[in-house]
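Structural overview
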Amino acid sequence: MPELPEVETSRRGISPHIEGKTFASVVVRESRLRWPVPADLAALLTGRRLRRIDRRGKYLLFDLENGTLLIHLGMSGNLRIGQAGLAHGKHDHLDFVFDDNTLLRYNDQRKFGAVLWTAEVPHAHPLLAELGPEPLSADFDPAYLAGRLAGRQVPIKQLIMDSHIVVGVGNIYANESLFLAGILPTRPAGGLDADDCARLSASIKTVLEQAIAQGGTTLRDFTDAQGKPGYFKQSLRVYGRGGEPCLSCREPVQHLKIGQRASYFCPTCQQ
């Protein structure tokens, strides 16, 4: 599933090609995504200029003068840049063509993504209004994290994956951040002290920044706007390495499920 680094990679990949351009046409081949694609989407976009593309959590926000197009990549979605007239495949569900014939194509094999529209302030949209802070922002700091963890007995890994606490820390990045911080994923969240919170907030930022710099993590489906995979997989220190030697201490990496999600950790390096 594309997580924050993959979505940010997509945003950075497509923005230079289409920001400032005007929608010339919209083709909807399949409207049955996670939620129905608005029936009037073509009318809403055609002739309108795309001012910029922002990101909130795992949502891409296409800012137009008359509203905002929201795109979520779901489990297998991707956005590709091409030229108008490019032959389409089975899972190429939407085409956005701009006034210079640049094509933005939405592909989604499993159809769990979303293409939505709002004429209101986008951050007030029901899908965005309750989201926690962006992990790479100044709002996500040790003091904030400590306040949200206080008194909570659930495993820390579950809490940092809760989008109401902080957005975009998916399973891969939660595992890697906890390893870098030296914190066991099973520790009760409320048991972390100020030093733990400082290390963990810093580790989350570091891991996500590294993943973005390397184009995200390709385990199966994700490719960027030019169709290239992300390379952060080569930097994974614990995720997917159950039974293999820890890269720091050589003890076997352990594997268990926390909240129905695969969790990997080193019992020696993480306490």
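If you're wondering where the values come from, they're calculated on a predicted model, not measured in any experiment. (Residues numbered from 1 in each chain as written. Predicted model: local features only at pLDDT ≥ 70, side-chain atom pairs only at ≥ 80, totals over all residues. Heavy atoms only, no water.)

1. Overview of the sheet that holds strand β2 (residues 50-56)
Using the following cut-off: Note: two strands are recorded as paired if DSSP finds a minimum of 2 bridges between them. Strands here are runs of E lasting at least two residues and helices are runs of H or I lasting at least four, both read from the DSSP assignment and numbered beginning at the N terminus. Angular values range over 0 to 180 degrees, each being the angle between N-to-C directions of two axes fitted as lines to C-alpha atoms, with helices fitted over their stretch in contact. Contacts are assigned to residue pairs with any non-hydrogen atoms lying within 4.5 Å of each other.
Pairing within the open sheet is antiparallel, and its four strands lie in the order β2-β3-β4-β8. The sheet terminates laterally at β2 and β8 (114-118), the two strands that pair on one side only. With strand direction ignored, the average angle separating the axes of adjacent strands in the sheet is 20°. Pairing geometry for β2 and strand β3 (residues 59-64), over six bridges, is antiparallel. Looking across to β3, one finds that Arg52 is bridged to Asp63. Strands in contact with helix α1 (residues 4-18) are β2 and β3; relative to β2, the strand with the most contacts, it is inclined by about 170°.

2. Here we look at unusual backbone geometry
Let me state the cut-off plainly: Remark: exposure states derive from per-residue accessible area (1.4 Å probe, protein chains only) relative to the maximum for the residue type, with buried under 20%, exposed over 50%, and partly exposed in between.
The backbone phi angle of Lys111 is positive, close to 60°, even though this residue is not glycine. Even without glycine at this site, Gln260 takes up a positive phi of about 70°. Looking at the secondary structure, you find Gln260 in the loop between β9 (254-258) and β10 (261-265). Residue classification places Gln260 among the exposed positions, given a relative accessible area of 68%.

3. Section: helix α5 (residues 171-181)
When you tally the buried positions in α5, you get ten out of eleven residues, the bulk of the element. Three or more residues of α5 are buried, namely Asn171, Ile172, Tyr173, Ala174, Asn175, Glu176, Ser177, Leu178, Phe179 and Ala181. Buried positions along α5 lie against α1, α4 (156-160), α6 (194-213) and β10. In the stretch just after α5, Gly182 is the one whose phi turns positive, near 75°.

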